[in-house]
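Listed below are the residues making up each chain.
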Protein chains: 2
Amino acid sequence: MEELSFIPDIPSGPLDAYRNSATFNWKQLKLSLEGDIDLLKLKYKIWQTLEKDPLFAHNTVSPSLEEQKRITQLQLKRINEYKFLTNEMFKSSYSKRTRALMTINEAVQSLNPSLSVKMAIGIYLFSNALLSLGTERHLKFYEATILNREILASFALTEVAHGSDARLMRTTATYEPARREFVIHTPDFEAAKCWVGNLGRTCTHTLLFAQLITPDGTNHGLHGFVVPIRNPDTLETYPGLIVGDMGEKIGVNGIDNGFIMFNQYRIPRDNLLNRTADVTEDGVYESSFSEPSRILGAALENLSAGRIGIMQESCHTISSAVAIAVRYAATRSQFGERDREIPLIEYELHQWRLFGYVATAVVFRIYIESFTRVYLNIVEKSNAGLKVDNLSEAVSEIHAMVSSSKPLLTWTVLEAAQQCREACGGHGYLKCANLGDLRSHHEATVTYEGDNSVLSQQAGNWLLRQYTAARQGNAVDSPLGTVGFLADGHRWLADTFRCTTTDQLKTPQFITSTYKWLLCWLLKETQEKYESEMSKGLSKFQAKTKSQVYRWKTLTRVYAEYLVIIFSLESIEKKERELQPVLYKLFTLYGLWSLDKHLVELYQGGFGSGEALARLLRSAVLELCGDLKGEVVTVVDALAPTDFVLNSVLGKSDGNLYQNMQKAFFNNPGVFERAPWWREVVPSSKL
Amino acid sequence: MEELSFIPDIPSGPLDAYRNSATFNWKQLKLSLEGDIDLLKLKYKIWQTLEKDPLFAHNTVSPSLEEQKRITQLQLKRINEYKFLTNEMFKSSYSKRTRALMTINEAVQSLNPSLSVKMAIGIYLFSNALLSLGTERHLKFYEATILNREILASFALTEVAHGSDARLMRTTATYEPARREFVIHTPDFEAAKCWVGNLGRTCTHTLLFAQLITPDGTNHGLHGFVVPIRNPDTLETYPGLIVGDMGEKIGVNGIDNGFIMFNQYRIPRDNLLNRTADVTEDGVYESSFSEPSRILGAALENLSAGRIGIMQESCHTISSAVAIAVRYAATRSQFGERDREIPLIEYELHQWRLFGYVATAVVFRIYIESFTRVYLNIVEKSNAGLKVDNLSEAVSEIHAMVSSSKPLLTWTVLEAAQQCREACGGHGYLKCANLGDLRSHHEATVTYEGDNSVLSQQAGNWLLRQYTAARQGNAVDSPLGTVGFLADGHRWLADTFRCTTTDQLKTPQFITSTYKWLLCWLLKETQEKYESEMSKGLSKFQAKTKSQVYRWKTLTRVYAEYLVIIFSLESIEKKERELQPVLYKLFTLYGLWSLDKHLVELYQGGFGSGEALARLLRSAVLELCGDLKGEVVTVVDALAPTDFVLNSVLGKSDGNLYQNMQKAFFNNPGVFERAPWWREVVPSSKL
């Protein structure tokens, strides 16, 4: 085993009984889930550094809205000073650099989600966009952002009345040859850019997407522009702008989401990001699709990197949530026989409520770690100008994978956080349990970077194209192999349920082949519904809207679950031998627990009939829960960050639940004081 | 139609198009859902009074934790002054008085959920408990609480280490004959009472539940005591108490939940609530079950009234949530063909996401209104000493109904609030949308007044007893008739799915008979599982824990859904003719949309096989969504409170979405100001 002493040991305590029954070493599992010892060391270095910095101390009581923004901005400044991204990392390969940045992002997110959003948008997303959409002339912005940290950027795309449908954005950038400037204008409040992170109080520049209009009046569609917003020395906004903060939100209030209206605001011609198209000094629009593969790769990166980052953060969130709930379940006793109380974790119902999410946390991490490698490898090759077979097809497949996975992961993690909160009862409702904050910060992810409901429709488009190709005897365009099996669609669909014991279900083979059946059947159902609506005279658009419920929507979810299954299975097969028993159990639980949610389709489509299918599948789920009881406490040790990062009175690794609660209660500010406002509420004088 | 001009009209605006297609009058539906014109008038009077009172003005930014407590306590004082409960109401019948109190509670809860908790616990729960558990000697406390409002009480039952299992509480009250006092003591922090609303900062007395110990050392179990906590004139706590505030929570932070440890704290002997048992001056324990029916009735009231109140509040919460989401869906356009955007409400997927919850909101209200009448009628008769047939059986049935309904309603409303937030996209994540606060305040209800998971197990006990009786040919003890059909269990279970068109499913008959099948099958499954575990040698306790998942848990949920269905159906049959078409559609949607979640059981148990069952049921759901499109905007007009109470920038009744958003954005405090902390974050001097 590699040297893992840099991971702090866990103190001995009441959880030892459950820890002693584990079949594996938690540090080894932790390393395996991280996938890279250097990245794991980097993560611990960041956590340990920030734990010693009072600026990152946790607050017992939520700070005011304004104070949350102030702290987050100060923390960003401090993070810039720490230079966790060393020069060596910065100069290493694209893939290594990006992985390091992603690790920093995840480590920072676990302490303050607003801070990672601020950093991701303000520095990484902007500088990446400059590289992919801009040219040499924009290098000065790039260096000022990522190297010198003089620029804090934002990303202005969404408008008040238009979120998901970018084509109808109404902000314009009209070129004026006389002054060689673009004039940016917002026609009315409905076209104000909004939800722009960092714009409300702090950014110096924004990457604006506006309709480019040439002097002849032609609208050339959305283009990107670098637009100065604030003087970096004074944070005063420039004249011609109405810039405001959007106010309080459900979570991530450290981020200053803003809105902006432009009043005939001028920027230099050079600020157009002109890699794919430019306007000459005289005002002629010129498009230059000279390097399609590089542009595709760049587009891929911009679309997907942010969503992959969200999925990595989501894995952290579910890991923290299940760690808190499982440790609580193992230390909290309630009911029992003859007044001998037993820990919640001993109850089958409680196991069933939590263990599926523990398995999910592990399997999601393995999937995303593996998918990130595949993704970065392709982008790196493409950026380097190396030939990538079927690049454009691979780009489409990756887009479908990301568009379906981001909804699955973020929604599942939201459910998990809620279930963990409820499983901790009233004590879980305390802020100091940290389940509320984990949940409310995470909640934004189901909407931003592509609303989950809209995003998953995009994956369906690609899947149906592949299905149609396969039906017509053409090749399936699946360079990553995720739907290669559609070529034999008929064979998979002919499969039926023939198991008679739960052991037959608890195999990777049963899980993957059942998922293939499900995908084939849902594709058939969706396609038939779509065609039947078309045959009634509906347009493509209308037919698509009438094929979503129970079909398209389910299809893309099942596809994402299938991705999780095949990627994680492939990774688990290569893991250390000592870890394989527990990983296979977790994998199998995830697979069957997920299939449980699709039993209706399995019955409806004739995969199974009669009572055995549901009975055996559900019995298998419960058996796996029972089998995992002796492992989960150690599994969550591997999933959990340090106690400082976890920041939960219910989830501390020492397991001293009530001592920790007493300390938390007694440390509440003014806990034993008479209310400062007592004079206002006591009875008026009775004279 | 009765004179409804006291309900303010809704302004004309962009929503008119959808309002014009409704088949009914929204005010008439509103009255019908309220069930009583005087109560509806009272509600509007409260809302209109408080709208004019600056103390009840909404905050753009959440106040600090301390400020939320201060405001809530001041609001309570003001509510006491308004005397919404008139002397006439106070003197009317139990049933009338309680309904008025419930209406006041619901009206107040819709403005500040913490305030209604404060009031409900501090005044009503306490004074009711005095009446039912105490005797003449406690009348002074009663009058000081409900009439003079000099006492603000709390309810101390839960301990840090014991929530659901009351038997194991460890706080003791030991009688000392020499001084004729009880000595209250907390052995350690784990036995500290906690989650006591009003205790943290404000209550003057608590109703304490402690183990009563007589001088001979005998423990007589939990008894109630009135315990002074604070001097009402100064709000200073008394010596011998460690009383603290539990700190920040996920929601309802206006309530000061507290914990308390007693250090040999003395109270007079008279403070024991001695209706059922007393201790003589010499220290002899005497139990007096002289009036069993009255005691039963009283117990029933204490157990159930609070939970019924929670369900009423939940109905308000889901009404507000769907009102916001539906109005937003009807005013927010996105995507379309040839750049003609269409409102979200036109999309089948969006209808499916929301309309099931609109139907739920209506059907839940009708159910709870009807159930409250039945409940109050029985309690009233019992309190008056009138004979109620099978009172003890009725008490058991009502307890089963409440124990299963409270989980169903509170969980469903939690899902609804979340779905409504997501259906409003990013704008729904703004505090000013109010969906976040609705959700986080509501969240507590799935845990308090009986954790949902624990509570629903209690309903299962009763159901299985009735099932066993029916199987053995004995009478089913169901005075309210909810499970009378079990006598013919075999007949219902022989039913199978034979429909061939969706119209055959869209009938009350199909819905109720399918639910009866489901209940019979789940009872059989649960009982068989339980018996099979017993036959393996497990104890009753263990066998029960092994029968929860997929069985007991599902059974109690299905029972609650069935209650909603039979009670609401019976009410709808008596409603005004003009309202019946829309109410039947909503009822049918609720029924089929709920059955959709039990398709697995319908297949597994052999009610149906093949594809028709799922296909027809789901087609019927989608058809009903389409049918209701022209009605839902008007339905939510009937469900929604006034704009002031709804307090949502996305859900205003005028439908001027973007004007309202602009106003909200521009009114954020300091919206256009440079951040007050700008000096701390700009670059350091570059000299």
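Residues numbered from 1 in each chain as written. Chains lettered and ligands numbered in written order. Predicted model: local features only at pLDDT ≥ 70, side-chain atom pairs only at ≥ 80, totals over all residues. Heavy atoms only, no water.

Enquirer: Can you walk me through the packing of helix 6 (residues 94-109) of chain A against helix 10 (residues 348-383) of chain A in this structure?
Expert: Residues and elements named next belong to chain A. Relative to each other, helix 6 and helix 10 sit at 140°, their axes nearing to 9 Å. When the axes of helix 6 and helix 10 are compared, the pair comes out oblique. In terms of crossing hand, the pair formed by helix 6 and helix 10 is right-handed. Taken together, the residues of helix 10 that come into contact with helix 6 (itself represented by Tyr94, Ser95, Thr98, Arg99, Met102 and Glu106) are Arg365, Glu369, Thr372, Arg373, Leu376, Val379, Glu380 and Asn383. Per-class residue counts for the contact of helix 6 with helix 10 are four nonpolar, four polar and six charged. (Axes fitted to C-alpha atoms, helices over the stretch in contact; angles between N-to-C directions. Helix = DSSP H or I, 4+ residues; strand = E, 2+ residues; numbered from the N terminus. Parallel < 35°, antiparallel > 145°, perpendicular 65-115°, else oblique. Left-handed = near helix turned anticlockwise from the far one by under 90°. Contact = heavy atoms within 4.5 Å. Nonpolar A, V, L, I, M, F, W, Y, C, P; charged D, E, K, R; others polar.)

Enquirer: Whenever I open this one, the relation of the copies chain A and chain B confuses me. Can you help?
Expert: In this arrangement, two copies of a chain are superimposed by a rotation about an axis accompanied by a shift along the axis. Once turned by 180° and shifted 0.0 Å along the axis, chain A lies on chain B with an RMSD of 0.0 Å. Viewed as a symmetry operation, the transformation between the two copies matches a two-fold axis. Considering only C-alpha atoms, the part of chain A nearest the rotation axis is Val600(A), at 2.8 Å. Taken as a fraction of all interface residues of chain A, those also at the interface in chain B reach 100%, which identifies the copy contact as same-surface. (Least-squares fit on C-alpha atoms with pLDDT ≥ 70 in both.)

Enquirer: What is the right way to read helix 22 (residues 632-639) of chain B from this model?
Expert: It helps to recall that an α-helix has 3.6 residues per turn; residues three or four apart then point in one direction. In terms of burial, helix 22 of chain B is largely enclosed, as eight of its eight residues are buried. Those residues of helix 22 of chain B lying buried are Val632(B), Val633(B), Thr634(B), Val635(B), Val636(B), Asp637(B), Ala638(B) and Leu639(B). (Buried < 20%, exposed > 50% of the residue type's maximum accessible area, 1.4 Å probe, protein only.)

Enquirer: What is the right way to read the domain arrangement of chain A from this model?
Expert: One frequent convention defines the size of an interface as the accessible area lost when the parts assemble. Taken as a whole, chain A is organised into domain 1 (153-277) and domain 2 (490-639). Computed over C-alpha atoms only, the centres of domain 1 of chain A and domain 2 of chain A are separated by 44 Å. (Domains from an automatic or database assignment.)

Enquirer: Please clarify how the sheet that holds strand 7 (residues 241-245) of chain A should be interpreted in this entry.
Expert: The strands making up a sheet are joined through hydrogen bonds of the backbone, oriented either antiparallel or parallel. All names here are of chain A. Taken together, three strands build an open sheet; the order of strands is 4-8-7 and the sheet is antiparallel. Strands at the two margins of the open sheet, each flanked by one partner only, are strand 4 (193-196) and strand 7. For this sheet, the mean inter-axis angle between neighbouring strands, taken without regard to orientation, is 20°. The pairing of strand 7 with strand 8 (residues 258-262) spans five bridges and is classified as antiparallel. Along strand 8, the bridge assignment pairs Leu241 with Phe262. (Pairing = 2+ DSSP bridges.)

Enquirer: Would you explain helix 2 (residues 26-34) of chain B in this entry?
Expert: All names here are of chain B. Across the nine residues that make up helix 2, a large majority, nine, are buried. Within the sequence span of helix 2, burial applies to Trp26, Lys27, Gln28, Leu29, Lys30, Leu31, Ser32, Leu33 and Glu34. The elements touched by buried residues of helix 2 are helix 3 (37-51), helix 6 (94-109), helix 10 (348-383), helix 19 (580-595) and helix 22. Its side-chain oxygen at 2.8 Å from the backbone nitrogen of Lys27, Asn25 defines the N-terminal cap of helix 2. Positive phi shows up at Gly35, right after helix 2, with a value of about 90°. (Polar contact = N/O pair within 3.5 Å; in protein donor to acceptor, adjacent residues only side chain to side chain.)

Enquirer: Just to check I follow, could you spell out the interface of chain A and chain B for this structure?
Expert: At the interface, 124 residues of chain A touch 124 residues of chain B. Across the chain A/chain B interface, buried area totals approximately 11000 Å², and carbon plus sulfur atoms make up 60% of it. Looking at the side of chain A facing chain B, the largest losses of area belong to Tyr429(A), Tyr550(A) and Trp677(A), adding up to 8% of the total buried there. Our count for the chain A to chain B interface comes out at ten salt bridges. (Buried area = accessible area lost by both parts, 1.4 Å probe. Salt bridge = Lys/Arg side-chain N within 4 Å of Asp/Glu carboxyl O.)

Enquirer: Please clarify how unusual backbone geometry should be interpreted in this entry.
Expert: Excluding glycine, residues mostly carry a negative phi; peptide bonds, for their part, are mostly trans. Of note, the phi angle at Leu235(A) is positive, near 55°, even though the residue is not glycine. As for its position among the elements, Leu235(A) is in the loop between strand 6 (219-228) and strand 7. Unlike most non-glycine residues, Arg180(B) shows phi in positive territory, near 50°. With respect to the helices, strands and loops of the structure, Arg180(B) is situated in the loop between strand 2 (172-176) and strand 3 (181-185). Look at Arg180(B) and you get partly exposed, because its relative accessible area is 45%.

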